[in-house]
Amino acid sequence: MTQDSRAFGRALRLAAAMLLAATAAHAVEGGATITPFGVTDFGAGMLPPPTPGGTWGLRLAHYGSDSLRDASGDTLDNDFDISVQTYGLAYLRMTEHEIWGASYGFGAVIPFMNIDGQVTVPTPAGPLGLAGSDLALGDIQLLPVMLQWAAPPNLFVSAMLQIQAPTGPYDVSEPFNVGTNHWTISPMIGLTWISDGGFEISTQTMLNVNTENPDTDYTSGIEWKQEFAVGQHVGHWTIGAGGYVYQQLSDDDGPGAGDGNRARVYAVGPAVSFLKPGLPTLSLHAYKEFGARNRAEGVNIALRSAISF
């Protein structure tokens, strides 16, 4: 690619970043979430037990949206449409070792993603239609520290440190990319409380601290995500509702950042899970987003399964 074509591609990328919004596949920067939404629901404060072979998990997720919202929450008229499918393979290994009174473990998540989208960007020469797709290995998430505390009866507390590495492909001339082209450090704390009658409240708090994308000189602001689920245990099933709250806490920095591109969105919907010793766990939720600012507003559907060996 020549220097002129790289410059033109970068200009298109930055123009798109002002309008495009984040998805569960972390498609863009510019007021965007970088790590996936809707990763947990019931059992957010629980980590797997120590086993010789560890725990393997699979997450199938879909995010779709045809609505972009501006800083006031109004819909932008730009023919926006995006569809993202994520196939994530996870390995978690809890050990008998203790740190600060908690059981220690580690893990990793390898995502494969299929993203397809289009958007119309206003330019001085008139509307410019951008479209693209990407199918590839995404940004791998490393979990070097996973801690599970022995809390009072009915309460489960966990903490994790996640490092998302820029392993996914990235091309500054493309409007949609699987990779983010920068590192993200994410501390997390999870809590689960289950009453004697089987009523559960679970939640997980997460912060994203993002490094600079060297190809765009752009740094996304610090992001806060709160995922939650409330439900009733009935036999081996838990039935209820879940969702998430997302708010960008600090401004973006770089070309096209404007007034900071701070994004937010809320989501809620039904959630159900199945847990029986000796069988794979299952969890399914379907969330509808609302209240979006500076990002897309769509639907988030995810099916998770895990088994310990």
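Residues numbered from 1 in each chain as written. Predicted model: local features only at pLDDT ≥ 70, side-chain atom pairs only at ≥ 80, totals over all residues. Heavy atoms only, no water.

By the naming in an unreviewed UniProt entry, the protein chain is Transporter, taken from Paracoccus yeei.

K.L.:
Any chance you could break down the pairing of strand β12 (residues 264-274) for me, citing the residues and the numbers?
P.N.:
Relative to β12, strand β11 (residues 237-248) is paired through eleven bridges, and the arrangement is antiparallel. Its bridge partner lying in β12, Gln 247 is registered against Arg 264. Pairing of β12 with strand β13 (residues 281-293) involves eight bridges; the strand directions are antiparallel. Each bridged residue has a counterpart across the sheet, and for Arg 264 the counterpart in β13 is Arg 293. Where β12 folds back on β13, the antiparallel hairpin that results is connected by six residues, among which Gly 278 adopts a positive phi of roughly 90°. (Pairing = 2+ DSSP bridges. Helix = DSSP H or I, 4+ residues; strand = E, 2+ residues; numbered from the N terminus.)

K.L.:
Talk me through the pattern of salt bridges; I want residue IDs and the actual numbers.
P.N.:
Under the counting rule described, the total for this entry stands at four salt bridges. The residue Arg 304 makes a salt bridge to Asp 41 at a minimum N-O spacing of 2.9 Å. With Arg 304 in strand β15 (residues 299-308) and Asp 41 in the loop between α1 (3-17) and β1 (55-65), this residue pair connects regions lying 263 residues apart in the sequence. What makes Asp 41 buried here is its relative accessible area of 2%. Of the charged contacts in the structure, one is a salt bridge between Asp 251 and Arg 262, with a shortest N-O distance of 2.6 Å. Taken together, the positions of Asp 251 in the loop between β11 and β12 and Arg 262 in the loop between β11 and β12 put the pair eleven residues apart, joining distant regions of the chain. Given a relative accessible area of 38%, Arg 262 falls into the partly exposed group. (Salt bridge = Lys/Arg side-chain N within 4 Å of Asp/Glu carboxyl O. Buried < 20%, exposed > 50% of the residue type's maximum accessible area, 1.4 Å probe, protein only.)

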